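Chain by chain, the residues:
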Amino acid sequence: MVNNIQERLYTDQQLKKMLADMLLIRKFEEAVEKLYQEGKIPGTMHLCIGQEATAVGACAALTNEDKITSTHRGHGHSIAKGTEIKPMMAEILGKATGYCKGKGGSMHIADLNVGNLGANAIVAAGLSIGPGAALASKMKNEGYVVLCFFGDGATNEGAFHEALNLASVWDLPVIFFCENNLYGMSGSIKEMINVEHISERAKAYGIPGITINGNDVMEVARFTQEAVDRARNGKGPTLIEAETYRWRGHSRSDARKYRSREEEKEWRKSRDPIASFKEKLLEENVLTEDAFLELEKRIDAEIIGAVKFAEESPEPSLDILETDIYA
Amino acid sequence: MVNNIQERLYTDQQLKKMLADMLLIRKFEEAVEKLYQEGKIPGTMHLCIGQEATAVGACAALTNEDKITSTHRGHGHSIAKGTEIKPMMAEILGKATGYCKGKGGSMHIADLNVGNLGANAIVAAGLSIGPGAALASKMKNEGYVVLCFFGDGATNEGAFHEALNLASVWDLPVIFFCENNLYGMSGSIKEMINVEHISERAKAYGIPGITINGNDVMEVARFTQEAVDRARNGKGPTLIEAETYRWRGHSRSDARKYRSREEEKEWRKSRDPIASFKEKLLEENVLTEDAFLELEKRIDAEIIGAVKFAEESPEPSLDILETDIYA
Amino acid sequence: MREITYASAIKEAMVQEMRIDKDVFILGEDIGIYGGSFGVTNGMIEEFGPERVRNTPISESAISGCAVGVAMMGMRPILEIQFSDFVMIAMDNIVNQAAKMRYMFGGKTQVPMVVRLPSGSGLGFAAQHSQSLEAWMAHVPGLIVVQPSNPYDAKGLMKTAIHNNNPVIFFEQKGLYNTKADVPEEEYKIPLGVAEVKKEGTDLTVVATGIMVNRTLEAAEELEKDGNSIEVIDPRTLVPLDIKTIIESVKKTNRALVVYEAVERGGYGAEIASLIGESEAFDFLDEPVSRLGGIATPIPYNPKLEKAAVPQVEDIVKKVKSMMNK
Amino acid sequence: MREITYASAIKEAMVQEMRIDKDVFILGEDIGIYGGSFGVTNGMIEEFGPERVRNTPISESAISGCAVGVAMMGMRPILEIQFSDFVMIAMDNIVNQAAKMRYMFGGKTQVPMVVRLPSGSGLGFAAQHSQSLEAWMAHVPGLIVVQPSNPYDAKGLMKTAIHNNNPVIFFEQKGLYNTKADVPEEEYKIPLGVAEVKKEGTDLTVVATGIMVNRTLEAAEELEKDGNSIEVIDPRTLVPLDIKTIIESVKKTNRALVVYEAVERGGYGAEIASLIGESEAFDFLDEPVSRLGGIATPIPYNPKLEKAAVPQVEDIVKKVKSMMNK
Ligand SMILES: Cc1ncc(C[n+]2csc(CCOP(=O)(O)OP(=O)(O)O)c2C)c(N)n1
Ligand SMILES: Cc1ncc(C[n+]2csc(CCOP(=O)(O)OP(=O)(O)O)c2C)c(N)n1
Ligand SMILES: [Mg+2]
Ligand SMILES: [Mg+2]
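Since the model is a prediction, treat every value here as computed from it, not as a measurement.

Quick look at the site of ligand 2 now. As a structural note, the neighbourhood of ligand 2 is formed by 23 residues, with His72, Arg73 and Gly153 of chain B together with Glu60 and Gln82 of chain C the closest of them. The separation between an oxygen atom of ligand 2 and a polar side-chain atom of Asp152 of chain B is 2.9 Å. Asn181 of chain B is positioned with one of its side-chain polar atoms (N or O) 2.9 Å from an oxygen atom of ligand 2. In isolation ligand 2 offers 570 Å² of accessible surface; the protein chains occlude 97% of this area. The residue inventory of the shell around ligand 2, partitioned by class, reads 9 nonpolar, 8 polar and 6 charged.

This next bit is on the environment of Lys244 of chain C. Residues and elements named next belong to chain C. With respect to the helices and strands, the residue Lys244 is situated in helix 8 (residues 243-253). Assessed through its relative accessible area of 63%, Lys244 is described here as exposed. Sequence separation of Lys244 and Gly193 is 51 residues, and the distance between their C-alpha atoms is 9.9 Å.

It is worth spelling out the sheet that holds strand 6 (residues 144-146) of chain D at this point. Residue and element names in this part refer to chain D. Taken together, 7 strands build an open sheet; the order of strands is 3-2-4-5-7-6-12 and the sheet is mixed. Lying at the two open borders of the sheet, with one neighbouring strand each, are strand 3 (53-55) and strand 12 (237-239). Across the sheet, the axes of successive neighbouring strands diverge by a mean angle of 20 degrees, strand direction being ignored. Relative to strand 3, strand 2 (residues 24-28) runs parallel, the two sharing 3 bridges. Residue pairing in the sheet places Gly28 in a bridge with Asn55 of strand 3.

Our next topic: the pairing of strand 4 (residues 209-213) of chain B. All names here are of chain B. One ladder, built from 5 bridges, connects strand 4 with strand 5 (residues 238-243); its direction is parallel. When the bridges of strand 5 are listed, Ile210 appears paired with Ile240. Handedness of the strand 4-helix 8 (residues 217-232)-strand 5 crossover: right-handed.

In this section: the interface of chain B and chain A. Residue-level contacts link 20 residues of chain B with 20 residues of chain A. Among the residues chain B hides against chain A, the three largest losses belong to His161, Asn194 and Ala204 of chain B. Together they make up 32% of the total. Across the contact surface, chain B and chain A share 0 salt bridges. For the interface between chain B and chain A, the tally reads 14 residue pairs in polar contact (both at pLDDT 80 or more). Within the residue set of the side of chain B that touches chain A, elements represented by two or more residues are helix 6 (158-169) and helix 7 (189-192) of chain B. For the side of chain B that touches chain A, the leading source of residues is helix 6 of chain B, giving 7 residues. Partitioned by chemical class, the residues of the side of chain B that touches chain A number 7 nonpolar, 8 polar and 5 charged.

Of all residues in chain C, 100% attain a pLDDT of 70 or more, and the chain-wide mean is 98. Interface predicted TM-score (ipTM) for the complex: 0.98; the corresponding pTM is 0.98.

Once that is clear, we can look at the state of the cysteines. As enumerated under the stated definition, the model contains 0 disulfides over all chains in all. Not part of a disulfide, Cys66 of chain D finds its nearest cysteine sulfur in Cys148 of chain B, a span of 11 Å.

A few words on helix 7 (residues 211-225) of chain D. Counting along an α-helix, one turn takes 3.6 residues, and residues three or four places apart therefore face a common direction. Residue and element names in this part refer to chain D. Helix length check: helix 7 (15 residues) gives 23 Å between terminal C-alpha atoms against 21 Å at 1.5 Å per residue, within 8%. Taken residue by residue, helix 7 has Ile211, Met212, Val213, Arg215, Thr216, Ala219, Ala220 and Leu223 as its buried positions. Packed against the buried residues of helix 7 are strand 7 (168-173), strand 9 (196-199), strand 10 (204-208), strand 11 (230-234), strand 13 (256-263) and helix 11 (313-324). One or two steps after helix 7, the chain reaches Gly227, where phi turns positive at roughly 85 degrees.

All names here are of chain B. Applying the stated criterion to the full structure yields 84 salt bridges over all chains. Put simply, Lys308 and Glu312 hold a salt bridge, and the shortest N to O gap is 3.1 Å. Taken together, the residues Lys308 and Glu312, both in helix 11 (residues 289-312) and 4 residues apart, mark about one turn of the helix. With relative accessibility at 57%, the residue Glu312 sits in the exposed group.

A word on the coordination of the magnesium ion (ligand 4). Residues and elements named next belong to chain B. Bound to the magnesium ion (ligand 4) are the protein donor atoms Asp152 (OD), Asn181 (OD1) and Tyr183 (O), situated 2.0 to 2.1 Å from the metal. Coordination of the magnesium ion (ligand 4) draws on donor residues from a single chain, spaced D-x28-N-x1-Y in sequence. A residue pair is termed long-range when its members are at least 10 positions apart, and Asp152 in the loop between strand 2 (146-151) and helix 6 and Tyr183 in the loop between strand 3 (174-180) and helix 7 qualify at 31 residues. Side by side, Asp152 and Tyr183 carry an identical accessibility label, which is buried.

The next subject is the relation of the copies chain C and chain D. Laying chain C over chain D is done by rotating through 180 degrees and shifting 0.0 Å along the axis; what remains is an RMSD of 0.0 Å. Taken together, the rotation angle and the small translation identify this as a two-fold axis. Mapped onto chain D, 100% of the interface residues of chain C are again interface residues, and the two copies thus contact each other with one and the same surface.

On the chain D side, the residues contacting the 50 residues of chain C number 50 residues. Summed over both partners, the interface of chain C with chain D buries about 4100 Å², with 60% contributed by carbon and sulfur atoms. Looking only at chain C, the three residues that lose the most surface to chain D are Trp136, His139 and Arg265 of chain C, adding up to 19% of its buried area. The interface formed by chain C and chain D includes 4 salt bridges. For Arg291 of chain D, the salt bridge is made with Glu278 of chain C, and the minimal N-O distance between the two is 2.7 Å.

Glancing now at the site of ligand 1. In the vicinity of ligand 1 there are 23 residues, among which His72, Arg73, Ala121 and Gly153 of chain A together with Glu60 of chain D approach most closely. The site occupied by ligand 1 is bordered by residues of chains A and D. Asp152 of chain A has a polar side-chain atom sitting 2.9 Å from an oxygen atom of ligand 1. Between ligand 1 and the protein, one listed contact pairs an oxygen atom with a backbone N or O atom of Gly153 of chain A at 2.8 Å. Coverage of ligand 1 by the protein chains reaches 97% of its 580 Å² of free accessible surface.

Before going further, it helps to spend a moment on the relation of the copies chain B and chain A. Once chain B is rotated about the relating axis by 180 degrees and shifted along it by 0.0 Å, it coincides with chain A to within an RMSD of 0.0 Å. Taken as a fraction of all interface residues of chain B, those also at the interface in chain A reach 100%, which identifies the copy contact as same-surface.

Contact pair helix 6 (residues 158-169) of chain A / helix 3 (residues 60-72) of chain C: the axes reach a minimum separation of 8 Å and the direction vectors enclose 70 degrees. With respect to helix 3 of chain C, the axis of helix 6 of chain A lies roughly perpendicular. For the crossing formed where helix 6 of chain A meets helix 3 of chain C, the hand is right-handed. Contact residues: Ala159, Glu162, Ala163 and Leu166 of chain A in helix 6 of chain A; Glu60, Ser61, Ala62, Ile63 and Cys66 of chain C in helix 3 of chain C. The residue makeup of the contact of helix 6 of chain A with helix 3 of chain C, split by class, is 6 nonpolar, 1 polar and 2 charged.

Procedures and definitions
Residues numbered from 1 in each chain as written. Chains lettered and ligands numbered in written order. Predicted model: local features only at pLDDT ≥ 70, side-chain atom pairs only at ≥ 80, totals over all residues. Heavy atoms only, no water. Near = heavy atom within 4 Å. Polar contact = N/O pair within 3.5 Å; in protein donor to acceptor, adjacent residues only side chain to side chain. Areas by Shrake-Rupley, 256 points an atom, 1.4 Å probe, with all protein chains shown as cover. Nonpolar A, V, L, I, M, F, W, Y, C, P; charged D, E, K, R; others polar. Helix = DSSP H or I, 4+ residues; strand = E, 2+ residues; numbered from the N terminus. Buried < 20%, exposed > 50% of the residue type's maximum accessible area, 1.4 Å probe, protein only. Pairing = 2+ DSSP bridges. Axes fitted to C-alpha atoms, helices over the stretch in contact; angles between N-to-C directions. Right-handed = clockwise from strand over helix to strand, strands pointing away. Contact = heavy atoms within 4.5 Å. Buried area = accessible area lost by both parts, 1.4 Å probe. Salt bridge = Lys/Arg side-chain N within 4 Å of Asp/Glu carboxyl O. pLDDT = per-residue confidence, 0-100. Disulfide = S-S within 2.5 Å. Expected span 1.5 Å × (residues − 1). Donors = N, O, S within 2.8 Å, 3.2 Å for Na, K, Ca; no water. Least-squares fit on C-alpha atoms with pLDDT ≥ 70 in both. Parallel < 35°, antiparallel > 145°, perpendicular 65-115°, else oblique. Left-handed = near helix turned anticlockwise from the far one by under 90°.

What follows is the structure, given as structure tokens:
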């Protein structure tokens, strides 16, 4: 029972699943990081370590039929939405068994079966596509909602503005979910906008906007659920700004000169979304230390399995170079 | 003396100049309309008849060194900023003596000597260019401000969002001046945004926003002056929404099915910016009926002169087809 | 048979498909009661209502992105961009998203959308409303590029475009909207990648696109008087391109000219000319493959200048003569 | 002489010009303390401060428009777009505004701005970060298009670009950033529209652009072993294009191949090939002008696939051999 964590929205089972998902994301990305350092990953990758609660909390409010659009920093979103880690890892290694046959890579993982409409390497692009998917839901009367993940930096793209306005005037079932991790690549959001909270921008579109603690998975789930309910009931879009922090650099190489080590330490030490949620679940007796160790072990094994699967998978054959261009 | 029109911002001379400019714009456009109907104007033209007070009021707050960016509906802005009507009319007729040698036409009239950085046929484009000009003022310490004219429809372009944000975070000396004439081409702004007033969008950029009566030239001048002062004193941009109405259709052919004849009549009858300002000046004894008739006569003659100049001007020679492409 | 305009032909294709298939709908700026900038969608909102004739805010980025998303989810949107020049604001969604999505996802999605782009010069709209941008689109893998030159093709190709499962860029020459021709009301489609020999001839092959097909046919008549027999080919679709028909023709006539409205420099005519030059037709050529395209200038406003900026009938006649008299 | 990288050469040009001319400044995303996505602007904010090294919001439309406005008012901005792929969001400002402004205003303004576009594939960044879009830009009247293939040219051309009074689109191949070569610290400029014969040869002319210049030089060495003497020409600037040097070469070698990284279909190589074919060189050709460009596919992620999507040294060798052995 977690009544004193919040009104009973989720069963113990579900709460444990959230913790497991967050842990899975973190360990998945730690593995990705290692593989990258070993030179096994082409190009670049963007890690969301430290931001696991936004992905998991937001997706906890969604059904399998609901959709998400994601970003360059999309591993967490994918996993939280139910995308499997074996073909994800294989994709990141550019293998034939990957979700995109090795053609897309880290920035383009998609799994339409679970409503993951894809990561996107263009900042704010998912914001434009999401309302389209939501329009289909509305026109075809399919009942699903669409949640668009994007970063703080993305809110300065014109696409953000146009998309929120369109979704508002058409009352589309969309949740605009901003992961405000304080920085773009290096630009501090404080220097890039002149409002206190990104969520204030919702007013410009006549939709609700709210700023929440993005490192508290329960809070994320609860407020997302409210927005999902609104959307599902034909009440249109909501802008959620979830405050969080990425622990790693922006991508492959980043000296992180734009922020202090103290700031980083502070977030890691006292606002780790996984540690704090685990603490809560322990306190509330939803979880035991033993069960947690068990969980960790299971996930470690799962990750090892995914890495093994990916590493042992074949490279794509050159024959597929020119397939999948046209339908 | 016009103390009871407003605090003494302008001399009688200046007030009469405003009336004259508004009248000049209207009669200029009536002439353009006639020429268009006579088949003498290629392509299209967008008339601002009914909106004269926004152009004139806004430009009254500017010096010759200040700059404007304009729109497809730019004749009024040009004239108000001091652009001469002979080469304007010639340009609209596509003549060699036109401001752009006949290469630009109605939608591209520019006169950098008086700070008119040009009409623009791309909706919202001037909003992006204006902050650039303002940045030059700031970096070169030249003291001028930039006023960007745009329509209500333009506020749904991403360019609007990006430009206001950039100008805000860089504290640029810009005035974003929205002529809300209730419609885009046909789209009612009420259906295209979900906020009561466009000026509310200013909050998303942490800048002041205000909605004013765009058909009251004094009100326009006064509030623009405040924004200009702010900008000139390094306090950054302002968003002004001036409510007005275009009497004519959007452009060459427009059955105006998207609005009622009653609505049109109402605006024309009781909110004519010229008639009401004339009334005021008469009341305040700034103007006499005779002086007004005199003024009308002078302007009529000026228009006739401009049309004659334009009609008698030569077409551009084919030799200039490939000049002015590169500097 | 009925004569209808190019504009009506496009509308008829859309209307007929919308009657059959609920998933087909149109969106764009002022396409509702206003009927669109060129009246193409006139009357459609009256028949289909505002849900399926979606009047949008002036937001080319949002509406193009919306088209991508709605298409991924199984609808078949037709997006009108008022003038092709404004497509720049929608380029990311068309080129980085729609065109690449299927490939990037390893075949896991498809994006069946049609983007209608009123294009070209000749109406006095000046530089920001008169461009011919088909070369950009044809350069992008993943896009289909269609450029009908007459009402019959416009209707048949629009139907094909709507049924196609890829993003189709549909270039409509603004100057053609009011041209009329016989167009059957009944169902027919024109396949992608099938050129049409508009006129047979023996002395020289002209490959012309868009409105240049019409000008070339006029020029050919003129040239006929002097005994020059011109074969005129309209590729109709640039991607896929029916290069085979073109090569066969050139092998017969031994001379080739490519005529296009877009700026000659870097235009798609260069691709067609190159393909001819690289092909087996090379050995049949009596002289170089030539091109006649637009002058490398922004389109000027003044109508006389504007005309001079793109090939006119006389220019085509002159060019062909110069090729014949070498 | 010092050896420095392509990235450093570009930086040095900017730094030197910024020291001389107060009106020159740079703007872009993360170009400050981060040094830009590829480190090109590393250290510049330390020297010039945040006023002249302007870190911008992620707003490609606003920053490109800003560059246009500031340039019209007498500054000389250099805009970095992080990857050339994102330029789509800035296309309106570059193509509809910067390129046309002077013309539309009848010569009344000029827009001296440089747009730096890191471009091309080979680094595993996949389809939305790997495009080669120079053909789009070269098709647009009013733009200058530069594509340096080595550090020396990069520095000299950047200087020229900064001094030029038009919008200059400066394509930087990402794979070249770390390549090193001799670059004098002293002032020098490379004029626009002057190609360089990188290697003389007698049997076949290869016109190569960007990174393909380097690959072709490697291929030429390889081919030399079999007794094939290849002339390699680097146009360096696509607009203006030094077609004369190319034609002279082809008249000498009687064979021409154009090699480019961009998608072959509709790429600028088609323009170059067409110009050769249309020229007096036609009569000297022993066989068709050929092209070797990228496969018509979005760039795939997997490095093996990615390599297969654009010409590699072996592909050039093979292509030349097939032309020589006909
Ligand atoms: C249109 C576009 N502009 C720039 C980039 C380069 N870029 C990739 S991620 C990024 C920062 C994005 O910041 P934010 O939206 O806050 O997301 P975060 O990386 O913090 O998750 C930038 C500038 C891009 N991919 N697309
Ligand atoms: C980017 C772009 N999209 C669409 C158009 C077509 N267009 C020209 S004017 C106009 C309406 C503009 O409305 P508004 O901004 O309110 O200005 P108004 O015409 O009312 O003065 C439209 C849609 C355009 N010129 N540019
Ligand atoms: Mg961020
Ligand atoms: Mg309006």
